[in-house]
Amino acid sequence: MASVALGAIGAGIGYMMPVTAATGLTAVGLTATQTILAGASLGMMAGGQIQQAQSQAAVMRQNAAIANRDALQQQQTAAYNARIQENEAIQSQQIAAYNAKIHENEAVAAEQRARFEADKAAKDSRRLRGEQTALYGYSGVQLTGTPLIVEADSEFMDEANQSNLISLGATEAWRFRSQAQLQNYQAGIEADRYMSAAAETKRQGAIAGSALTAQAGVDRYQADATILAGNTQAASTILGGTYKAITIGNS
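Residues numbered from 1 in each chain as written. Predicted model: local features only at pLDDT ≥ 70, side-chain atom pairs only at ≥ 80, totals over all residues. Heavy atoms only, no water.

**Describing the pattern of salt bridges**
What counts, and what does not: Put simply, a salt bridge is a Lys or Arg side-chain nitrogen that is within 4 Å of an Asp or Glu carboxyl oxygen. In DSSP terms, a helix is any run of H or I states spanning at least four residues, a strand is any run of E spanning at least two, and both are numbered starting from the N terminus. Buried, partly exposed and exposed residues are distinguished by accessible area as a fraction of the type maximum, computed with a 1.4 Å probe on protein chains only: under 20%, between the cut-offs, and over 50%, respectively.
Taken as a whole and judged by the stated rule, the model has eight salt bridges. We note a salt bridge from R61 to D224, for which the minimum N-O separation is 3.0 Å. A residue pair is termed long-range when its members are at least 10 positions apart, and R61 in helix α2 (residues 32–139) and D224 in helix α3 (residues 146–250) qualify at 163 residues. Owing to a relative accessible area of 41%, R61 belongs among the partly exposed residues under this scheme. For the salt bridge of E172 with R113, the shortest nitrogen-to-oxygen distance reads 3.2 Å. You can see E172 sitting in helix α3 and its partner R113 sitting in helix α2, a full 59 residues away along the chain. Taking relative accessible area as the criterion, E172 reaches 27% and is therefore assigned partly exposed.

So, in structure tokens, the structure goes:
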């Protein structure tokens, strides 16, 4: 369309070139018809230049649209991957908290078992000493001297056994609580790693998206510059051709 319109404009310029009345020739030595055709040719050439510039600009605008689309996809993909990594961090902490609760329950159970075993041992030892005292009394043995020492020694061993049971339970409970603390610590490290990876994923997505958005801006600018250059070149073609024709005619 632009080449046709400019061809008509060029033909109009050729038609308006001065024609001598006697010969029917223009100032450049061409007939009116030839001058019109020459002007039309200039106009078609200028129109072709504009069309070429518009085609190139259309490609650049298409590239800008693709760059914008890719920028959005980059950012969306980065955000999605970051959410996955953040969810993994949360999940690792939740699993650690669940396991820590289990270990704490095991620790409490170990302490309870130890107290139960110690109480049971204490009851058994009291019953045994009671039976021993009854047997001593039945046999007429006084609780002095060796029998008293034996009973005191038995009571001491019973108390030591009870303390040992409590200590074993406390040790087992400490082991469970240590495992819980270790799991929480490891989960914290793992969660930090996931969160750091998520932050880096977002950063890389933002960088890639910004680069593509900037490229889209460059493509749009170049498209506008190409259109302007095409229009300028077309105008120069028409004006330059007209000026040349007039100059030749006047020489």
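**As for the environment of N105**
Mapped onto the secondary structure, N105 falls in helix α2. When the C-alpha atoms of N105 and F176 are compared, they prove to be 8.7 Å apart, with 71 residues separating the residues in sequence.

**Side note on the confidence of the model for the protein chain**
For clarity, the cut-off: pLDDT expresses, on a scale from 0 to 100, how confident the predictor is about each individual residue.
Residue-level pLDDT values for the protein chain average 74, and 66% of them are 70 or greater. Averaged pLDDT values over the elements of the protein chain bottom out at 46 in helix α1 (residues 2–15) and peak at 79 in α2.

**Section: the packing of aromatic side chains**
The relation between two aromatic rings is expressed through the spacing of the ring centres and the mutual angle of the planes. Our working rule: For Phe, Tyr and Trp, where Trp contributes only its six-membered ring, two rings pair if their centres lie within 6.5 Å, and the inter-plane angle classes them as stacked under 30 degrees, edge-to-face over 60, or tilted in between. In this analysis the charged atom, NZ for Lys or CZ for Arg, is taken to sit over a ring once it is within 6 Å of the ring centre and within 35 degrees of the ring normal.
As enumerated under the stated definition, the model contains zero aromatic pairs in all. Above the face of the F176 ring, R175 is positioned so that its terminal group lies 4.7 Å from the ring centre. The ring centre of Y194 lies 4.8 Å from the NZ or CZ of R193, which sits over that ring.

**Section: the side chain of D219**
Note the cut-off: Lys and Arg are tallied as positive, Asp and Glu as negative. Neither His nor the chain termini are counted. Only heavy atoms matter for contacts: two residues are in contact if any of them lie within 4.5 Å across the pair.
Relative to the helices and strands, D219 resides in helix α3. Despite its burial, D219 pairs with no opposite charge, the nearest such side chain being R220 at 7.8 Å. Not counting the four nearest positions on each side in its chain, D219 is found in contact with M60, N63 and A64.

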